[in-house]
Every structure is written in structure tokens, then in C-alpha cells.
Amino acid sequence: MKMVALFLVALFQCKFLAVAILDPLDFLALQFIRKSLRDLPGSNFFASWDFTSDPCNFAGVYCDSDKLIALNLGDPRAGSPGLTGRIDAAIGKLSALAELSIVPGRIYGPLPQSISQLKELRFLEISRNFISGDIPATLGQLRSLKTLDLSYNQLTGEIPRSIGTLPELTNVILCHNHLSGSVPPFLSQVLTRMDLKHNALTGSLAPDSLPPSLQSLSLYWNQLTGPVDKLLSRLDQLSYLDLSLNQFTGPIPGRLFTFPITNLQLQRNLFSGSVQPADQVTISTIDLSHNRLSGQISPMFSTVQNLYLNNNRFTGQVPATIVDQLLSGSIQILYLQHNYLTGIQINPTADIPVSSSLCLQYNCMVPPVQTPCPLNAGNEKTRPTVQCNEWKG
């Protein structure tokens, strides 16, 4: 019996030592976090979370010595159902935490204010869940934060100005929420990606409100207003730009077309004036449709693969170089419908490649070739003469 007792004591000590590897505050915080979350049906993420063993061996838990430094909650494999529940305020006790992520699932409730206590946090990703309420302004205290991804949630209120002051921020992804108010200035000179699309943001953007380090900017589907020509002229590192479905006004700077952009989406705004690229445009897809752009179409667009200029106020002839590129198959989409164009030099018997699409209807000319147009182009082939005369006048 004495040997059995000694064995049990030794076993208890081993288990105690295993548990005691982790800092007691971190251990306690993990217990609170575990109690507030559970696996959705089909998920088995928490199966390894046995608190009689070393928490540093739990799924998604990463330690350095006796401190927890990364917490990746949920099965990261594609198709995993994820987790449900709330994020417990005890998360703020993980004082050495540098990375926090939660896979897509059904996490609900507000983002705990206590996250702002994680002074070492560099990566925060809680996307595609049901997080609600405001973004805590105290997140501006996370001065080491590099990535902030709270996309595809139910967040409301404004983007705190304090977020814009984070000096190390490289990625801010807040798309597909219900955020309102204006876009605050972002001061980080290493910010490369900003995705705020599909919110209800309003107001204008100051010329110096975003840093020239940006490489990807998406503000699609908001209610932003005002000119952006001075701002865009500074962002010469952009490789992706989507400002569509807003109410931006003023000119589109010609300099924009010299940037290393591969996809340019400016459709459905109130941009006006002529569009004059300084050189041959190397952007593969450009959508300037549904604006108030005017003047003649620049021949510099002849090197664009997919060109959407429809529903504007362009006048004059379609440049011959653009026609040549269309007939050679280099231009795959050329949408010019619903403008005030007066001519295009193309043989009515010309063979437009099967891989290319041309739409010319509802201009101030009879289309010399009949080509299939998108359904939303309507059925009228030409614009009424009275409209064309008014526009000339």
C-alpha cells in the first residue's frame, strides 16, 4: 500500500509539473477562454484541450518557455465548421501573446476591450464570424500590431482614429461589416494593404490621408465622396485599386495609368473630365464605366485587354489602334455602349475574334457591325438625334 501511495504522489507531481510549465496567469486565462467557446457540430478542435496535461501541446497553442505567444483557435482546414461562443475577456491576460486568430465560424458578441492589453500583439485575425458592436478605440494601444483583420463580421460604428496611428500596421482588412463614418488618416509608412469594401463609410479622403506605401486599396461599395486625384497621384506603388460603387468626383489623374496596377476598378462613381494617360497603358483590366467622363477616347488604351468605358460621355471617333487590337484578339472586351461616340473605322464584314466582345450600341452613330451586347445595354441601337445634338451644343 505504501508503494501504491508513493506512486500516486509521484504521478500527481508529474501531472502538476506538466501543467505548471505554463505561466499560471496564462493557464487560468486559457481555462476561461475554453469555457466560453465550443466546437460547432463536425468540429473536433478542442479534443486535445485536456488541462491535466501541458497546455503548450494543445491544438492551436504555441509557447515560448512558460509564456503563450500564439493562439490560433479552430481547425484551419478548409471546410471546418469552426467554433461558437464568445471571446472571454481573460484573453487580455496572455501578456506575451503576439498572434491571435480564430477560424471562420459562429463566434458572436463584442470584441473584448481587454485585447488592448496585449502589448506584444502583432497579428489579429478574427474574420468570417458574427462579432458585433464597435471596434474598440483602445486597439490603438497595440503599437506593435502589423495585421488587423476583422472582415466579414457584424461590426458597427466608426473606424477609430487611433487605429490609423498604429506605426507598424501593414494590413488593415475591415471589409464586409456595417462600419460608418469617415476613413481616418493612416500614418503607418509600411501599410501595404487596405480593404474597407462593403461598408457604409462616408465623407471624403484628404490628399495625404493614406501612405504611398499602399499596394492594394479596396473601398468598393461605400458612400465615399469628393475628389481623389491628388491622393491617387501619390500612391505610385499600387498594384490593385477598387474604388467602385461610391460617389467620388473630379478627374482621374493620367499618372494613375503608369502605376504597376493589374486591375483598376473605378466604375459607378461621379468621375468627370477627360482621361489622358501619358503613355501606353499596361493595366490588363480597366473599368471606368458608369461615370461622367468626357472627351475623346485615348489611343493609349489600345494595349488594355479588358476595357470598360460604357455609360459615360465620350465623344468623337474610336481610335484606329484600339480597333486594330480588337481585331487581332489582343483586346478581349471593349464596351463602349451608352456614350456619344460618332464613328468607328471598322469593316462591316470584319471578323471579330470569337474570344473578343465589342459593344457599340446607343451612341451617336449606327453601329457598323452587329455584335452581342450585355443584357443591361438595352435594345436601342443608336442614341436619339436630339440627345446627340444637345450634347454637341
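Residues numbered from 1 in each chain as written. Predicted model: local features only at pLDDT ≥ 70, side-chain atom pairs only at ≥ 80, totals over all residues. Heavy atoms only, no water.

Quick look at the overall build of the chain
From N to C terminus, the chain includes five helices and 27 strands. Relative to the compact-globule value of 21 Å for 393 residues, the chain shows a C-alpha radius of gyration of 28 Å, a clear excess of over 25%. Taking the principal axes of the C-alpha coordinates as reference, the chain spans close to 105 × 40 × 30 Å. Sorting the 393 residues of the chain into buried and exposed places 49% on the buried side. Considering only intrachain contacts with a sequence separation of at least 6, the fraction spanning at least 24 residues in the chain is 42%. Per element, the accessible surface of the chain, about 17,900 Å² overall, is 55% carbon and sulfur. Each charge class in the chain was averaged separately, 27 positive and 27 negative side chains, and the resulting centres sit 5 Å apart. (Helix = DSSP H or I, 4+ residues; strand = E, 2+ residues; numbered from the N terminus. Rg over C-alpha atoms; globule rule 2.2 N^0.38 Å. Buried < 20%, exposed > 50% of the residue type's maximum accessible area, 1.4 Å probe, protein only. Contact = heavy atoms within 4.5 Å. Areas by Shrake-Rupley, 256 points an atom, 1.4 Å probe, with all protein chains shown as cover. Lys, Arg positive; Asp, Glu negative; His and termini not counted. Charge placed at Lys NZ, Arg CZ, Asp CG, Glu CD.)

With respect to empty space enclosed by the protein
Across all of its chains, the model carries one cavity of 30 Å³ or more by this definition. Each pocket or cavity is described by its volume, and for the largest cavity that value is around 50 Å³. Lining the largest cavity, in full, are Leu-360, Gln-361, Pro-367, Val-369, Gln-370, Thr-371, Cys-373 and Lys-381. When its residues are assigned to classes, the lining of the largest cavity shows four nonpolar, three polar and one charged. (1 Å grid on protein atoms, 1.4 Å probe; cavity = no way out; pocket = protein on both sides within 12 Å on 5 of 7 lines; lining within 4 Å. Points joined across faces, edges and corners; volume = space filled by probe spheres on them. Nonpolar A, V, L, I, M, F, W, Y, C, P; charged D, E, K, R; others polar.)

Considerations on the environment of Ile-87
As for its placement among the helices and strands, Ile-87 is situated in the loop between β4 (83–85) and β5 (99–102). Separated by 39 residues in sequence, Ile-87 and Ile-126 have C-alpha atoms that sit 10 Å apart.

Looking at the domain arrangement of the chain
Size of an interface: often given as the accessible area lost when the parts come together. Looking at the chain, the domain boundaries give domain 1 (22–97) and domain 2 (98–109 + 118–134 + 141–387). Each of domain 1 and domain 2 was reduced to a C-alpha centroid, and the two centroids are 40 Å apart. Contacts between the two partners involve 24 residues from domain 1 and, on the opposite side, 18 residues from domain 2. For the pair domain 1 and domain 2, the summed buried area comes to about 1,600 Å², and 60% of that belongs to carbon and sulfur atoms. Looking at the side of domain 1 facing domain 2, the largest losses of area belong to Leu-73, Ile-87 and Leu-97, adding up to 31% of the total buried there. At the junction of domain 1 with domain 2, the criterion picks out zero salt bridges. Counting the contacts that link domain 1 with domain 2 gives 13 residue pairs in polar contact (both at pLDDT 80 or more). Going through the elements one at a time, β3 (67–73) and β4 are the ones with two or more residues in the side of domain 1 that touches domain 2. (Domains from an automatic or database assignment. Buried area = accessible area lost by both parts, 1.4 Å probe. Salt bridge = Lys/Arg side-chain N within 4 Å of Asp/Glu carboxyl O. Polar contact = N/O pair within 3.5 Å; in protein donor to acceptor, adjacent residues only side chain to side chain.)

A short note on the packing of aromatic side chains
Under the criterion given, the structure shown has 11 aromatic pairs. Taken together, a centroid distance of 6.1 Å and an interplanar angle of 50 degrees make the contact between Phe-45 and Trp-49 tilted. Given the relative accessible area of 8%, Phe-45 is considered buried. Under the relative-accessibility criterion, Trp-49 is labelled buried at 7%. With centroids separated by 5.8 Å and ring planes inclined at 85 degrees, the aromatic side chains of Tyr-220 and Trp-221 adopt a geometry described as edge-to-face. (Phe/Tyr/Trp six-rings, centres within 6.5 Å; stacked < 30°, edge-to-face > 60°.)

Digging into the pairing of strand β10 (residues 154–158)
Note that strand β8 (residues 130–134) and β10 share three bridges and pair parallel. Residue Gly-133 lies in a different strand from β10, and its bridge partner there is Leu-155. Bridge count for β10 against strand β12 (residues 178–181) is three bridges, and the pairing is parallel. When the bridges of β12 are listed, Gly-157 appears paired with Leu-179. (Pairing = 2+ DSSP bridges.)

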